[in-house]
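# Coordinates in review
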Amino acid sequence: MAEFVASFITGFERVVEKDLPKRLDQIKILNLFDGLVHFSYAGNSRDLEKILYFNNTFFVLKTFTGKNLSFPFIVGQTCSQKKYFLISKGSFRVRFQNENQFAKVDKNIARRAEDYVLSNSKLTVDRLSPSTEVWFSIRREGFAFAGQLISKREFTEKNLNKGELRPEIAYLISCFAEPQKDDVILEPFAGYGSIPVQLTKKFNFTKLYISDIDKEKISAIKEKKQFINNPDVEICACDAFKLEHLGDASVSLVITDPPWGYYEDIGDIKDFYRRMFDSFRRVIKTGGRLVILSARKDELEAAARSQNLVVEDSLHTLVNGKKASLYKMYFA
């Protein structure tokens, strides 16, 4: 089977390891690192573009493991073998990456890599605006690869509203929450609707309650195609501290990204979280779960302890350039 390497947002290794085999048959994970997965796949490589959380995806030419890996070594070893390229027509450039930072190498090394590609494909060199790239990448875990870039996620924060979650993060949060088909889910700080969109597109549940105190955002969410005439989804504008539209013990799973206090004035963040948990305690069923993303790690954990919440699982990641933590909790 052909081998591939794909990058994804840091911190979600365990989530990706569990989710990827569910999304693609004929896949076998070979290595898993922080923000990178190495796998073999017997299906059509175009299927890999359907994995929302893949950023850069590479067709593997060769992989390496060991200490003190160097660009002269991995280029030399790669160029010593014949290899076909998945994309064999168009233009290319070679790039060198060391621990997630692009690096300069000796011109002779770069030229040897270019000559290797030229002699094994119909690609032509274009160092400014190529149609594909060939990377030689070394990671600190003692893993390196040579690979051809076959797809690149063209999505940046410039396309988002301030504070809006990227779709792939919303999807991974939903994966982390592990919703079940009999779950009644609440997203009480829906914002622009990133998490509810992914839940509705990719996951099963019995009922999804979507709410936010901002009436304009709720109006915009109601216009999204996933929610129009959907009997399993209820959307309303309401205060997350009151949740007046929900009865006691009516929700089995809360998945939310509450305000961090960076983009809006919410007062004392510890008090904000305490009041939030008070509200959740009323509506959550016995044995229900809370999945919460926050960049205010210390304040959230302190509020959770004060409300007798148990952290079942957590991970740490980057969201819009800020360190953030994702928690799975339940009331003791």
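In this text, all values refer to a predicted model and were calculated from it rather than measured experimentally.

### A word on the pairing of strand S13 (residues 251–256)
Of all six residues that make up S13, six are buried, and the element is covered over most of its length. Bridge analysis of strand S10 (residues 184–187) against S13 gives two bridges, and the strand direction is parallel. The residue bridging Ile-185 from the neighbouring strand is Leu-253, located in S13. In this view, the connection linking S13 to its parallel neighbour strand S14 (residues 284–294) by way of helix H7 (residues 269–283) has right-handed handedness.

### A closer look at the pattern of salt bridges
For the structure shown, the criterion picks out 17 salt bridges. With a closest N to O distance of 2.6 Å, Arg-274 and Asp-271 form a salt bridge. A residue pair is termed a helical-turn pair when its members lie 3 or 4 positions apart in one helix, as Arg-274 and Asp-271 do in helix H7 at three residues. Classification of Arg-274 by relative accessible area gives partly exposed; the value is 32%. Given the relative accessible area of 31%, Asp-271 is considered partly exposed. Via salt bridges that share partners, Lys-18, Glu-178 and Lys-328 belong to a single interconnected network.

### Points about the packing of aromatic side chains
Both the distance between ring centres and the angle between the ring planes are used here to describe each pair of aromatic rings. Summed over all chains, the structure comprises 19 aromatic pairs. Aromatic pair Phe-102 and Trp-135: ring centres 5.2 Å apart, planes at 75°, arrangement edge-to-face. Of this pair, Phe-102 sits in strand S6 (residues 101–102) while Trp-135 sits in strand S8 (residues 132–139), and the two are 33 residues apart along the sequence. Here Trp-135 falls in the buried class, since its relative accessible area comes to 6%. Both rings, one in Phe-189 and one in Phe-272, keep their centres 5.8 Å apart while their planes meet at 40°; by these two values the pair is tilted. With Phe-189 in the loop between S10 and helix H5 (194–202) and Phe-272 in helix H7, this residue pair connects regions lying 83 residues apart in the sequence. Each member of the pair, Phe-189 as well as Phe-272, carries the same accessibility label: buried. Linked through ring pairs, Phe-4, Phe-39, Tyr-53, Phe-54, Phe-59, Tyr-84, Tyr-171 and Phe-203 together constitute an aromatic cluster. The positively charged end of Arg-95 is found above the aromatic ring belonging to Phe-102, 3.8 Å away from the centroid. Geometry around Phe-176 places Lys-328 over its ring, the cationic atom sitting 5.0 Å from the centre.

### Quick word on helix H4 (residues 167–177)
In terms of burial, H4 is a largely internal element, 10 of the 11 residues being buried. Among all positions in H4, only Glu-168, Ile-169, Ala-170, Tyr-171, Leu-172, Ile-173, Ser-174, Cys-175, Phe-176 and Ala-177 are buried. Buried residues along H4 sit against helix H1 (13–23), H5, S13, S14, strand S15 (309–319) and strand S16 (322–331). Looking one or two places after H4, you find Glu-178, whose phi comes out positive at around 50°.

### Overview of H1
Looking at H1, one finds that the buried residues are Glu-13, Val-15, Val-16, Asp-19 and Leu-20. Projected down its long axis, H1 shows its buried positions confined to an angular sector of 135°, all on one face. Looking at the buried side of H1, the elements it contacts are strand S2 (27–33), strand S3 (36–41), H4 and S15.

### What to know about the environment of Phe-85
Residue placement: Phe-85 occurs in the loop between helix H2 (71–79) and strand S5 (91–98). By relative accessible area, Phe-85 is classed as buried at 4%. Between the alpha carbons of Phe-85 and Phe-59 there is a distance of 7.9 Å; along the sequence they are 26 residues apart.

### Points about the packing of H4 against H5
At a closest axis distance of 8 Å, the pairing of H4 and H5 adopts a crossing angle of 65°. Crossing of H4 against H5: the hand is right-handed. Together, Pro-167, Ala-170, Tyr-171, Ile-173 and Ser-174 of H4 and Ser-194, Ile-195, Gln-198, Leu-199 and Lys-202 of H5 make up the contact between the two elements. For the contact of H4 with H5, the per-class residue count stands at six nonpolar, three polar and one charged.

### Considerations on the nonpolar core
Core analysis: the largest hydrophobic core is formed by 102 residues, its most contacted members being Phe-136, Phe-277, Phe-280 and Leu-290. Among the elements that line this core, the one with the most residues is H4, at eight residues. Residues in contact with Phe-280, not counting those within four places in the same chain, are Pro-188, Phe-189, Leu-243, Val-254, Thr-256, Leu-290, Ile-292 and Phe-331. Counting nine residues, the second largest nonpolar core, distinct from the first, contains Val-5, Phe-33, Phe-58 and Leu-149.

The rules behind the values
Residues numbered from 1 in each chain as written. Predicted model: local features only at pLDDT ≥ 70, side-chain atom pairs only at ≥ 80, totals over all residues. Heavy atoms only, no water. Buried < 20%, exposed > 50% of the residue type's maximum accessible area, 1.4 Å probe, protein only. Helix = DSSP H or I, 4+ residues; strand = E, 2+ residues; numbered from the N terminus. Pairing = 2+ DSSP bridges. Right-handed = clockwise from strand over helix to strand, strands pointing away. Salt bridge = Lys/Arg side-chain N within 4 Å of Asp/Glu carboxyl O. Phe/Tyr/Trp six-rings, centres within 6.5 Å; stacked < 30°, edge-to-face > 60°. Lys NZ or Arg CZ within 6 Å of the ring centre and 35° of its normal. Contact = heavy atoms within 4.5 Å. Arc of directions from axis to C-beta. Axes fitted to C-alpha atoms, helices over the stretch in contact; angles between N-to-C directions. Left-handed = near helix turned anticlockwise from the far one by under 90°. Nonpolar A, V, L, I, M, F, W, Y, C, P; charged D, E, K, R; others polar. Core = buried A, V, L, I, M, F, W, Y, C linked by side-chain atoms within 4.5 Å.

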